[in-house]
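Architecture and fold: a report
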Amino acid sequence: MTHPASILHEPTASKARTPWWRNGWCVGLLLAFVTLALRGATLGNPLLDDDDGFYLYGGGQLLAGHKLYQDFWDRKPFGLFALFAFFHAFGPWRFWAYQLGACACVWGTAMAIWRMACLLAPNGGAVAGALLYIAGLNMRGGFGGETPVFYNFLTACAFLLVVNLLAMANPDRVLPEEQPPRLTGKLLLTEIGAMALFGLGLQIKPTVVFEGVYCALALLWFSYRFSASQKPGVARAGAMLLGQAGLMILIALLPTLLVVIYYAHLHAVAAWWQANVLSSLHRGAEFQWHKFLNLLFTLAILTLAWPLSRFLALRFTPFQKTVWRFISGWALVAVIAVLLFTQYYKYYALPLFVPFAILWAPLWQRPLGRALVLLLLAVLTIGGELQVHRRVTDRTGADWQAMLRAVSDPPGCVFEYKAQGILLDATPTLAECHLTPWSFPDHLGDAQEVNSIGIDPFTELKRVMAGHPRYVATTSSIMDADRRGDPEANPPLDRYLAQILQRDYVPVYHHREHRRHRRDREEDMVIWQRREPSSPAP
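Residues numbered from 1 in each chain as written. Predicted model: local features only at pLDDT ≥ 70, side-chain atom pairs only at ≥ 80, totals over all residues. Heavy atoms only, no water.

1. Things to note about the overall build of the protein chain
The helix and strand tally for the protein chain stands at 21 helices and 4 strands. Counting the 538 residues in the protein chain, one finds 55% classified as buried. At a minimum sequence separation of 6, the contacts of the protein chain that also span at least 24 residues come to 78%. Surface exposure of the protein chain reaches about 23800 Å², of which carbon and sulfur atoms provide 65%. (Helix = DSSP H or I, 4+ residues; strand = E, 2+ residues; numbered from the N terminus. Buried < 20%, exposed > 50% of the residue type's maximum accessible area, 1.4 Å probe, protein only. Contact = heavy atoms within 4.5 Å. Areas by Shrake-Rupley, 256 points an atom, 1.4 Å probe, with all protein chains shown as cover.)

2. With respect to the layout of surface pockets
Its boundaries defined by the atoms lining it, the second largest pocket holds a volume of some 420 Å³. Considering the residues around the second largest pocket, the lining is formed by 15 residues, among which Leu-166, Trp-221, Phe-222, Arg-225 and Thr-322 are closest to the centre. For the lining of the second largest pocket, the elements supplying multiple residues, two or more each, are helix 9 (209-228) and helix 14 (318-340). Top contributing element to the lining of the second largest pocket by residue count: helix 9, with 6 residues. Residues belonging to the lining of the second largest pocket are distributed by class as follows: 11 nonpolar, 2 polar and 2 charged. (1 Å grid on protein atoms, 1.4 Å probe; cavity = no way out; pocket = protein on both sides within 12 Å on 5 of 7 lines; lining within 4 Å. Points joined across faces, edges and corners; volume = space filled by probe spheres on them. Nonpolar A, V, L, I, M, F, W, Y, C, P; charged D, E, K, R; others polar.)

3. Some words on the state of the cysteines
By definition, a disulfide is the covalent link that joins the sulfur atoms of two cysteine residues. Counted by the stated rule, this structure contains 1 disulfide. In this model, Cys-413 is linked to Cys-433 through a disulfide, with the two sulfur atoms separated by 1.9 Å. Since a negative S-S torsion denotes a left-handed disulfide, the Cys-413-Cys-433 link at about -80° is left-handed. Remark: Cys-433 occurs in the loop between helix 18 (428-431) and helix 19 (441-445) and Cys-413 occurs in the loop between helix 17 (397-406) and strand 1 (414-417); sequence separation between them is 20 residues. As a non-bridged cysteine, Cys-105 has Cys-157 as the owner of its nearest cysteine sulfur, 9.0 Å distant. Classification of Cys-105 by relative accessible area gives buried; the value is 14%. (Disulfide = S-S within 2.5 Å.)

4. A word on empty space enclosed by the protein
One pass over the structure, following the stated rule, counts 4 cavities of 30 Å³ or more. Around the largest cavity, the lining residues are Tyr-57, Val-414, Phe-415, Glu-416, Leu-424, Leu-430, Cys-433, His-434, Leu-435, Thr-436 and Ser-439. Here the lining of the largest cavity takes 3 residues from strand 1, the largest share from any one element. Of the residues in the lining of the largest cavity, the class split is 7 nonpolar, 3 polar and 1 charged. As a volume, the second largest cavity reaches approximately 70 Å³.

5. Some details on the pattern of salt bridges
Under the defined criterion, the tally for this structure stands at 8 salt bridges. Among the ionic pairs, Arg-503 bridges to Asp-504, the shortest N-O distance being 2.9 Å. Owing to a relative accessible area of 53%, Arg-503 belongs among the exposed residues under this scheme. Several salt bridges converge on common partners, so that one network encompasses Arg-75, Arg-283 and Glu-449. (Salt bridge = Lys/Arg side-chain N within 4 Å of Asp/Glu carboxyl O.)

6. Describing the packing of aromatic side chains
Under the defined criterion, the tally for this structure stands at 36 aromatic pairs. Ring centres 6.1 Å apart and planes at 35° place the aromatic pair Phe-87 and Phe-150 in the tilted group. On the criterion of sequence distance, the pair formed by Phe-87 in helix 4 (residues 78-88) and Phe-150 in helix 7 (residues 147-168) is long-range, its members being 63 residues apart. Neither Phe-87 nor Phe-150 differs from the other in exposure class; each is buried. With a centroid separation of 3.8 Å and 0° between ring planes, the pair formed by Phe-159 and Trp-330 is classed as stacked. Within this pair, whereas Phe-159 is found in helix 7, its partner Trp-330 is found in helix 14, the two being separated by 171 residues in sequence. Just as Phe-159 is buried, Trp-330 falls in that class too. Among the aromatic residues, those joined into a cluster by ring pairs are Phe-54, Tyr-55, Tyr-57, Phe-72, Phe-81, Phe-84, Phe-86, Phe-87, Phe-90, Tyr-98, Phe-150 and Phe-440. (Phe/Tyr/Trp six-rings, centres within 6.5 Å; stacked < 30°, edge-to-face > 60°.)

7. With respect to the packing of helix 7 against helix 8 (residues 184-202)
Two numbers describe how helix 7 lies on helix 8: the axes approach to 8 Å, and their chain directions differ by 170°. Between helix 7 and helix 8, the interaxial angle falls into the category roughly antiparallel. Of the residues in helix 8, those in contact with Tyr-151, Leu-154, Thr-155, Cys-157, Ala-158, Phe-159, Leu-161, Val-162, Leu-165 and Met-168 of helix 7 are Lys-186, Leu-187, Thr-190, Gly-193, Ala-194, Leu-197, Phe-198, Leu-200 and Gly-201. Here the residues of the contact of helix 7 with helix 8 sort into 14 nonpolar, 4 polar and 1 charged. (Axes fitted to C-alpha atoms, helices over the stretch in contact; angles between N-to-C directions. Parallel < 35°, antiparallel > 145°, perpendicular 65-115°, else oblique.)

Here it is as structure tokens:
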């Protein structure tokens, strides 16, 4: 594999053996080893993440012929559940499948980071930048199959295409045979490829639109600069740019348009629109200071790459300055995108690690910068592994088996309400239950969802409980329905369900997790079984 920085750092041909850290195969093996080492403890864990479990459930529902937004509801795009349908096809190995798929995406993203960082940094710094990304994910809760783990790979590949285009037009090349070729064809292919990747990303998480728009605008600017030497007329240049913009918009929207056509065929465009657009606009988002400050701390660390680069007086060629500015713009857009969504969950920061890992890599030029990069890498690795250890010890395979036994004797359907851990797809019997389309544990019980799911959650909860589900999985916090300080608490619904559980159900399982703060109180699961008519109340 040709080292991507060779056009900058090798003015003459050399037959010397390439050091391992400049060999793509060796770097790839190293990054694969680190990825598996840092995430290996999570592999095969069915309780690793609630979102992942629901995506798997949704994927299984698609395979069974059920319709997203009609038979089961979520605001995530169709493409995400189609991806997890592939993982679900592995049956009992589905947890391994999606977690190894996530590992593959982490590795692929790290490789793309390395290739881009090689154009800005010494070889060791480029490798360190890729390692920063792998370690940073775990630190912010990205050790499972959260959506950024998958779409970060698509985003990184799209930006890599643009950086490769810039490398072709690199004025710093010194060998005659490396003079830039005609870029018109390459530019068109880059626009098509990058927007196709962002189009797929939109079907995993729509928030990727911010990076997509920035990339498209940058491509239009580069197109204008590349064509300036040909001195086309103003009208012709404007028409070319408009045509390129229209083409990129069409390609980026094509996967979503295909999904809309599919739902038009089902006469369910209104359901698609409500889930994908209206639900996000109407979703409540009470500001939470502790989450915001946690995010600000991460931002403060990552954005140090900018002042440190000036403080250390890093040296860049004109071409490298272009790439640096391009990646910096990407990082700035990613920061703005994260700050716009005021819920500030930990994994919302995961897209930041891609551009900032590249921006930290050039600090390797200076001894102090090298020490700071290694320090950050150590902090992220240790902190991330502590996060992984806490999760895999709080949620184990033995816990999963105990939950399965609790909801299998006797067999019956389970209704999940604010529970931690997805049991909807645990057994074939449970997967066939359709107590409500709003089956994700937080859809009916989270106060922030009241105006976003398209129905009255209290009415739906009453309808579900009128059907007397055999099992109800919930959290012990609903028994304290009047608790304050919890923006997700919905006291009327919590109180209603608590009364029914105390009257008609008995607890058969209680799973507790390690908690550092009182606000983590809901991180547990209580499974209630409906009391037989002859069973006296305690």
